[in-house]
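Results of the structural survey
Read off the chains here:
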Amino acid sequence: MTSRFTELAVDCHDPERLAAFWCEVLDFKVIDRSEGKVEIGSWVPTVEDVRARQMPPTLLFIQVPEGKTVKNRLHLDVSPIDGSTEDEVTRLLGLGATKTDVGQGSDRNWVVMADPEGNEFCVLRTLAPQT
């Protein structure tokens, strides 16, 4: 018997807004929603698919009353696949992300950002082919 990592839950004030932001960042789609919850992913999970192989986890945004108070202990890292890291940071700023400082220093090859509700994430080096 084993388990699979199937979803990452994110507490937030506005699940619809945060889901929309992350759909744009990751090219995901809404796959389920109910009152106070929105789940997004790159695929629609089925029991058969999950049992057959490891699949990318979905993101589940759950409405909670409390706000974020400290730096996340868990965060997402994203890697651009179609352009440079700098171009991706610019795109994400246009979607509502902000650059943030969590003590990483200025000599890093990644950029720490925050989503519209302040959840930190990192933009890593590009995976796009170098021309």
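Check the entry above for the structure.
Not measured: the values here are computed from a predicted model.

1. Thoughts on the nonpolar core
- With 21 residues, the main nonpolar core has Trp 22, Ile 40, Phe 61, Leu 92, Met 113, Phe 121 and Val 123 as its most contacted residues.
- When residues of this core are traced back to their parent elements, those giving at least two are β1 (7-12), α1 (15-26), β3 (37-41), β4 (58-63), α3 (85-95) and β8 (120-123).
- For this core, the leading source of residues is α1, giving six residues.
- Contact partners of Met 113, with chain neighbours within four places excluded, come to Val 89, Leu 92, Leu 93, Ala 97, Thr 98, Lys 99, Thr 100, Asn 119, Glu 120, Phe 121 and Val 123.

2. Describing the sheet that holds strand β5 (residues 76-78)
- Strands sit in the order β5-β8-β7-β6 across an open sheet of four strands; the sheet is mixed. Each edge of the open sheet is held by one strand with a lone partner, namely β5 and β6 (98-99).
- Against the sheet, α3 touches β6, β7 (111-114) and β8, its axis set at about 145° to β8.

3. With respect to unusual backbone geometry
- If you check the backbone angles, Asp 27 has positive phi at about 60° while not being a glycine.
- With respect to the secondary-structure elements, Asp 27 resides in the loop between α1 and β2 (29-34).
- Given a relative accessible area of 59%, Asp 27 falls into the exposed group.

4. Some thoughts on the side chain of Glu 120
- Within the secondary structure layout, Glu 120 lies in strand β8.
- Reaching out from Glu 120, the side chain makes a polar contact with the side chain of Lys 68 at a distance of 3.1 Å.
- Here Glu 120 is in contact with Lys 68, Lys 71, Asn 72, His 75, Leu 76, Thr 100, Val 102, Met 113 and Ala 114, once residues within four sequence places are set aside.

5. Quick notes on empty space enclosed by the protein
- Taken as a whole, this structure holds one cavity of 30 Å³ or more when the rule is applied.
- Of the pockets and cavities examined, the largest cavity occupies roughly 40 Å³.
- Taken together, Arg 4, Phe 5, Thr 6, Trp 43, Val 50, Arg 53, Gln 54 and Met 55 make up the full set of residues lining the largest cavity.
- A per-class count over the lining of the largest cavity returns four nonpolar, two polar and two charged.

6. Side note on the packing of aromatic side chains
- Counted by the stated rule, this structure contains three aromatic pairs.
- Centre to centre, the rings of Phe 21 and Trp 22 are 5.3 Å apart; their planes meet at 90°, and the pair counts as edge-to-face. A single burial state applies to Phe 21 and to Trp 22, both of which are buried.
- Here Trp 22 and Phe 121 contribute two aromatic rings whose centre-to-centre distance is 4.9 Å and whose plane-to-plane angle is 70°, an arrangement assigned as edge-to-face.

7. Brief notes about the layout of surface pockets
- The calculated volume of the largest pocket comes to roughly 460 Å³.
- Lining of the largest pocket is provided by 22 residues; of these, Val 25, Leu 26, Asp 27, Val 78 and Ser 79 occupy positions nearest its centre.
- Those elements that provide at least two residues to the lining of the largest pocket are α1, β4, β5 and α3.
- The residue makeup of the lining of the largest pocket, split by class, is twelve nonpolar, four polar and six charged.
- Along the walls of the second largest pocket sit 21 residues, with Val 10, Asp 11, Lys 68, Asn 72 and Asn 119 positioned nearest its centre.
- Contributions of two or more residues to the lining of the second largest pocket are made by β1 and β8.
- Top contributing element to the lining of the second largest pocket by residue count: β1, with five residues.

What counts as what
- Residues numbered from 1 in each chain as written.
- Predicted model: local features only at pLDDT ≥ 70, side-chain atom pairs only at ≥ 80, totals over all residues.
- Heavy atoms only, no water.
- Core = buried A, V, L, I, M, F, W, Y, C linked by side-chain atoms within 4.5 Å.
- Buried < 20%, exposed > 50% of the residue type's maximum accessible area, 1.4 Å probe, protein only.
- Helix = DSSP H or I, 4+ residues; strand = E, 2+ residues; numbered from the N terminus.
- Contact = heavy atoms within 4.5 Å.
- Pairing = 2+ DSSP bridges.
- Axes fitted to C-alpha atoms, helices over the stretch in contact; angles between N-to-C directions.
- Polar contact = N/O pair within 3.5 Å; in protein donor to acceptor, adjacent residues only side chain to side chain.
- 1 Å grid on protein atoms, 1.4 Å probe; cavity = no way out; pocket = protein on both sides within 12 Å on 5 of 7 lines; lining within 4 Å.
- Points joined across faces, edges and corners; volume = space filled by probe spheres on them.
- Nonpolar A, V, L, I, M, F, W, Y, C, P; charged D, E, K, R; others polar.
- Phe/Tyr/Trp six-rings, centres within 6.5 Å; stacked < 30°, edge-to-face > 60°.

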